[in-house]
Amino acid sequence: MASPASAPPAESNLKRIVAASLIGTTIEWYDFFLYGSAAALVFNKLFFPESDPLVGTLLSFLTYAVGFAARPLGALVFGHYGDRLGRKKLLVLSLLLMGGATFAIGLLPTHAAVGSIAPVLLTVLRLVQGFALGGEWGGAVLLVSEHGDAKRRGFWASWPQTGAPAGQLLATAVLSALTALLSDAAFLSWGWRIPFLLSGVLVIVGLWIRLSVDESPVFKAALAAAEERKAAAAGQVEKMPLVAVLKHHWRDVLIAMGARMAENISYYVITAFILVYATTQVGLSKQTALNTVLIASAVHFAVIPAWGALSDRIGRRPVYLIGAVGVGAWMFPFFMLIDSGTFGALLLAVTVGLVLHGAMYAPQAAFFSEMFATRMRYSGASIGAQFSSVAAGAPAPLIATALLADYDSSTPIALYVIAAALLTVVAIACARETRNRDLSEVAEDAPQAAAAQVRADA
């Protein structure tokens, strides 16, 4: 019989919670991906105009990578306070930080106006974006995972994951519309600012929705249990979530980091680097490349819940392995199709790549949530997810662009993604299956008991 904390909520209430997480993550990813697209298309000209075009793109992607460097710090700070104060409060703060930084980028002076201070200001705001996103992901997926029941957790928790393709879809759609409506000169002069300034409106909508949801019942129960233990221990101080995670869940943190290598690297190669490769190497127009990512992102959005539902039936590990092996196997056909120089081939390459990526991304939310005890779950899931992003997603477009510049070939880039896929396969092979785990059973126990529960479920 389910405990009160683990009993599934009314479906209407769960859908409202899912909607709040999805809209918030969509806005945050819109902000983050908008920067990536702009870095590929215009920032090299606006903030690094004195460089060779490909070198300017490298410098532009370097500021893009800086945002990832701040994500582990965001994971530590938001994870700590999210495990102490609750998921909802920190999610509101992350949305404000991300939206504010993105809006400010839309107001930035360019290199032509203020010189070298322009890329410095751009980098600072990118750091704020990364810090906010480092705390956003863990809170959003946990809020849904801890409200739902174990039997359909993979499906419901995959919906906040669709915020990534939805944000990519929204950012690409806005950029695509502007490049279609404006001349290259107008877009470079002022048109690029519009999507960044739109973030201010989106944040207001997101805050209104996020403030309407309740805190996770599993977290409330765990907090009450922790207070009881503290009182019984005569005020003994509870360990910091980070310390508890590294003591009891260090293996799970390493597995989560390894699991993200193929997922993170493949995604940024497929969606960000492709804008550079298709336009500079193959000679396709910016509009064609953007339209391809736009359509493929819509398909990506649709398949993520399906992959999440499949993980409820056959397990998190099998679905994740389908994605990792599939992405690695697809890389050579991926570039061969793009090199053909046709819109149809480019669309097929990117769409299949994102469908396979979805097999990793969809079960990730439930999978990572089920690895950790509640009072260290925000920290554990965020640390595992975001620390890997420094080695994976952060340098992926940069490394891919550098490989292209050095070898003038897609083969090293394909091998780079295949190597990441092999790392992820090894990590998932070392993981325990977590499907059907009752989060409240872990939540109500001390960390030592939680670790024992993990071993018992293996």
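Definitions and cut-offs
Residues numbered from 1 in each chain as written. Predicted model: local features only at pLDDT ≥ 70, side-chain atom pairs only at ≥ 80, totals over all residues. Heavy atoms only, no water. pLDDT = per-residue confidence, 0-100. Helix = DSSP H or I, 4+ residues; strand = E, 2+ residues; numbered from the N terminus. Contact = heavy atoms within 4.5 Å. 1 Å grid on protein atoms, 1.4 Å probe; cavity = no way out; pocket = protein on both sides within 12 Å on 5 of 7 lines; lining within 4 Å. Points joined across faces, edges and corners; volume = space filled by probe spheres on them. Nonpolar A, V, L, I, M, F, W, Y, C, P; charged D, E, K, R; others polar. Axes fitted to C-alpha atoms, helices over the stretch in contact; angles between N-to-C directions. Parallel < 35°, antiparallel > 145°, perpendicular 65-115°, else oblique. Left-handed = near helix turned anticlockwise from the far one by under 90°. Core = buried A, V, L, I, M, F, W, Y, C linked by side-chain atoms within 4.5 Å. Buried < 20%, exposed > 50% of the residue type's maximum accessible area, 1.4 Å probe, protein only.

Engineer: When you look at the confidence of the model for the chain in this model, what are you seeing that I'm missing?
Structural biologist: Detail in the predicted coordinates should be disregarded across regions flagged by low pLDDT. When the pLDDT values of the chain are averaged, the result is 83; 88% of them are 70 or greater. Ranking the elements of the chain by mean pLDDT puts helix α23 (residues 447-457) last, at 42, and helix α17 (residues 316-339) first, at 97. In this model residues 1-6 is a low-confidence stretch, pLDDT under 50, and it forms 10 contacts with partners more than four residues away in sequence or in other chains. Note on residues 443-458: pLDDT is under 50 here. Beyond four places in sequence and across chains, it has 26 contacts.

Engineer: Whenever I open this one, empty space enclosed by the protein confuses me. Can you help?
Structural biologist: Over the atoms, a rolling probe the size of a water molecule traces out where space has been left empty. Scanning the model with the defined rule gives four cavities of 30 Å³ or more in all. Reported here for the largest cavity is a volume of approximately 60 Å³. Around the largest cavity, the lining residues are Trp-29, Phe-33, Ala-164, Arg-260, Glu-263, Asn-264, Tyr-267, Tyr-268, His-357 and Tyr-361. Sorting elements by how many residues they give to the lining of the largest cavity places helix α15 (residues 250-281) first, with five residues. Of the residues contributing to the lining of the largest cavity, the split by class is six nonpolar, two polar and two charged.

Engineer: Looking at this structure, I do not really get the packing of α15 against α17. What am I missing?
Structural biologist: The angle between the axes and the distance between the axes are what describe a pair of packed helices. Interaxial distance between α15 and α17 falls to 10 Å at its minimum, and their mutual angle equals 20°. In terms of axis orientation, α15 runs roughly parallel to α17. Where α15 crosses over α17, the two elements pack in a sense that is left-handed. The residues of α17 that touch α15, namely those facing Ala-259, Arg-260, Glu-263, Ser-266, Val-269, Ile-270, Phe-273, Ile-274 and Tyr-277, are Tyr-320, Val-327, Met-331, Phe-334, Phe-335, Ile-338 and Asp-339. Considered class by class, the residues forming the contact of α15 with α17 number 12 nonpolar, one polar and three charged.

Engineer: Just checking my understanding: could you explain the nonpolar core for this structure?
Structural biologist: Here is a general trend for soluble globular proteins: nonpolar side chains tend to be buried in one another's company. Counting residues in each nonpolar core, the largest one holds 110 residues, and the members touching the most others are Phe-43 and Phe-334. Of all the elements, α15 adds the most residues to this core, at 17 residues. When neighbours within four sequence positions are excluded, Phe-334 is seen to be in contact with Ile-270, Ile-274, Ala-349 and Val-350. One finds Leu-143, Phe-155, Trp-156 and Val-213 within the second-largest nonpolar core, a separate group that totals 16 residues.

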